[in-house]
Amino acid sequence: MELNLSMNTSDYECREYLASIRWKNGFTCPRCGCAEAWETKEVKYKCKKCGYKMSVTAGTIFQDSHTPLEKWFARHRFDKRIKRNNHGKFSPKQIKIGQ
């Protein structure tokens, strides 16, 4: 799955993209190995066999961040643009990471 990093990329799209990277063959429960899960309202996966809940951000750099994923991905988009154009016109303050 490829994520189109537009200005309107939603948190849901970011989470779906992370899930596609993390679980290339679909979710697998880290506790029991079951490959079936429900998506819950808390943006977690709940294993159908053992009931274990896991967020797609668990164990990643995003785990304890209170910054929405769309801001992290926006920062990445700007970093790529800066490197590509080598102009340095954008600053992290413009997208308010961590504020």
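Residues numbered from 1 in each chain as written. Predicted model: local features only at pLDDT ≥ 70, side-chain atom pairs only at ≥ 80, totals over all residues. Heavy atoms only, no water.

Is there a simple way to think about the packing of aromatic side chains in this case?
In this description, an aromatic ring pair is defined by two values, namely the gap between the centres and the angle between the planes. For the coordinates displayed, the defined rule picks out four aromatic pairs. Taking 5.0 Å as the distance between ring centres and 75° as the angle between the ring planes, the aromatic pair formed by Trp23 and Phe27 counts as edge-to-face. Classification of Trp23 as buried rests on a relative accessible area of 12%. When the ring of Trp23 is compared with that of Tyr45, the centres are 5.2 Å apart and the planes differ by 75°; the resulting orientation is edge-to-face. Taken together, the residues Trp23 in the loop between α1 (11-22) and β1 (37-39) and Tyr45 in strand β2 (residues 44-47) connect sequence positions 22 residues apart. Judged by its relative accessible area of 13%, Tyr45 is buried. Here the aromatic residues Trp23, Phe27 and Tyr45 are joined through ring pairs into a cluster of three or more. (Phe/Tyr/Trp six-rings, centres within 6.5 Å; stacked < 30°, edge-to-face > 60°. Buried < 20%, exposed > 50% of the residue type's maximum accessible area, 1.4 Å probe, protein only. Helix = DSSP H or I, 4+ residues; strand = E, 2+ residues; numbered from the N terminus.)

Explain the sheet that holds β2 to me, please; I cannot follow it from the model alone.
Strand pairing within a sheet occurs via backbone hydrogen bonds; the two strands may be parallel or antiparallel. Spatially, the three strands line up as an open sheet ordered β1-β2-β3, and their pairing is antiparallel. One side of each edge strand has no neighbouring strand; the edge strands of this open sheet are β1 and β3 (53-55). The mean inter-strand angle of the sheet, taken between neighbouring strand axes irrespective of direction, is 30°. In this structure, β2 lies alongside β3, joined through three bridges in antiparallel fashion. Residue Tyr45 lies in a different strand from β3, and its bridge partner there is Met54. In the packing of α1 onto the sheet, the strands contacted are β1, β2 and β3, and the crossing angle to β3 comes to about 105°. (Pairing = 2+ DSSP bridges. Axes fitted to C-alpha atoms, helices over the stretch in contact; angles between N-to-C directions. Contact = heavy atoms within 4.5 Å.)

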